[in-house]
Structures are given as C-alpha cells and as structure tokens.
Amino acid sequence: MRFMVIVKATKDSEAGVMPSEELLIAMGKFNEEMVKAGIMLQGDGLQTSAKGARIKFDGDKRTVVDGPFAETKELVAGFWIIQVKSLAEAIEWMKRCPNPHNDGGELEIRQIFELSDFAPGEGIRIHEKLRDEMKGRK
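Note that the structure is a prediction, hence the values are computed from the model and not measured.

*Asks:* Describe the packing of aromatic side chains, with residues and values.
*Replies:* In this description, an aromatic ring pair is defined by two values, namely the gap between the centres and the angle between the planes. Here the structure, examined in full by the defined rule, presents 2 aromatic pairs. Judged by centre distance (5.8 Å) and plane angle (85 degrees), the ring pair of F30 and W80 falls under edge-to-face. Remark: W80 occurs in strand β5 (residues 76–83) and F30 occurs in helix α2 (residues 21–37); sequence separation between them is 50 residues. The pair formed by F30 and W80 is uniform in burial state, with each residue classed as buried.

Written out as structure tokens, the structure reads:
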C-alpha cells in the first residue's frame, strides 16, 4: 500500500522560515532510515503558497487565483510517498518523525488509490499505459 504523508504548513513555514541545521540533519537521518527500510518512494518540501496558484473549476470555466492563501492550517508544506503494508505501519513510522516545525507540527496520512481499486475498462487501460510510459522514462 502506498501512502502520502502530508506535512501541514504553519505560520512559520508560510512566512518562509527555513528549518534549522539540526532539523535538516534529523530529517535527513529519518529519511535515511526509511530509504534503508525500502519504504520511502519520494519526499520533498514545498515553497510557500505565495509562490503558488490555485485553479478553480466551475463547469468549463477556469479561474486562476495566485497565492498566498489565507488558511495556513489547510496548506501543505511538504510530503512523503511511502510504501508499507498497512496504515498502522505508516503511523508507526511517522510517529518516529522529527517535529517538522518549531511552532508545532502536524502530519496527515492518506492512502493512495491504486489502479486495481477501480473497475476495469478503457479509462484504466489508458492510465496503465501512461503509468508504464512514465516508468520507462526513469
């Protein structure tokens, strides 16, 4: 099972406060543990929402809204993609994570859909072809 672990943003992360050297080292060691265990597939931090945009959909209409965005508690500051056997295992790993922020931190763990979760059909065949094409680029 693949899970996305979402690092929630804080006022500091949205203000562009960079992590300390100590936190970078601690996170590096934690990431190294996950890589050595074979569960970490990807992980990155994100720039502040001031450097981003949102696209809102209303039927065929698209509206672009430039950041920054007001609701810090709803924003994402970073993420991991991990592959483990269960939600319980994902939770156990993430309980070992260093606190990602000086002013409190929060992680959200969400299971990623697999193509096998959907009913077979042309739509799934298109996505399987694209998945295989992307794998071929690596």
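Next, the rest of the story.
*Asks:* Could you give an account of the pairing of strand β3 (residues 53–58), naming the residues involved and the relevant values?
*Replies:* Side-chain positions along a regular strand alternate between the two faces of the sheet. When you tally the buried positions in β3, you get 0 out of 6 residues, a small fraction of the element. Bridge analysis of β3 against strand β4 (residues 61–66) gives 6 bridges, and the strand direction is antiparallel. Along β4, the bridge assignment pairs K56 with T63. Joining the antiparallel neighbours β3 and β4 is a turn of 2 residues, in which G59 adopts a positive phi near 65 degrees.

*Asks:* An account of unusual backbone geometry is requested, with residue identities and associated values reported.
*Replies:* Geometrically, the link from G67 to P68 is a cis peptide bond, its omega value of 5 degrees lying close to zero. Secondary-structure assignment places P68 in the loop between β4 and β5.

*Asks:* Talk me through the pairing of β5; I want residue IDs and the actual numbers.
*Replies:* Taking burial as the measure, the 8 residues of β5 include 6 buried ones, the bulk of the element. Pairing geometry for strand β1 (residues 2–8) and β5, over 7 bridges, is antiparallel. The partner of V5 across the bridge, within β5, is W80. Bridge count for strand β2 (residues 40–45) against β5 is 5 bridges, and the pairing is antiparallel. Directly across from G45, in β5, lies its bridge partner G78.

*Asks:* Explain the sheet that holds β5 residue by residue, including any values.
*Replies:* By definition, the strands of a sheet pair up through backbone hydrogen bonds, in either a parallel or an antiparallel sense. The strand order β2-β5-β1-β6 describes an open sheet built from 4 strands, whose pairing is antiparallel. Pairing within the sheet leaves two strands with one partner each, and these edge strands are β2 and β6 (107–111). Pairs of neighbouring strands in the sheet enclose a mean axial angle of 15 degrees, with direction left out of account. With respect to the sheet, α2 is in contact with β2 and β5, its orientation differing from that of β5 by roughly 25 degrees.

*Asks:* Can you explain the side chain of S49? Please cite residues and give values.
*Replies:* Secondary-structure assignment places S49 in the loop between β2 and β3. A polar contact is formed between the side chain of S49 and the backbone nitrogen of F69, at a distance of 3.1 Å. Setting aside its immediate chain neighbours within four residues, S49 contacts E14, G67, P68, F69 and L75.

The rules we used
Residues numbered from 1 in each chain as written. Predicted model: local features only at pLDDT ≥ 70, side-chain atom pairs only at ≥ 80, totals over all residues. Heavy atoms only, no water. Phe/Tyr/Trp six-rings, centres within 6.5 Å; stacked < 30°, edge-to-face > 60°. Helix = DSSP H or I, 4+ residues; strand = E, 2+ residues; numbered from the N terminus. Buried < 20%, exposed > 50% of the residue type's maximum accessible area, 1.4 Å probe, protein only. Pairing = 2+ DSSP bridges. Axes fitted to C-alpha atoms, helices over the stretch in contact; angles between N-to-C directions. Contact = heavy atoms within 4.5 Å. Polar contact = N/O pair within 3.5 Å; in protein donor to acceptor, adjacent residues only side chain to side chain.

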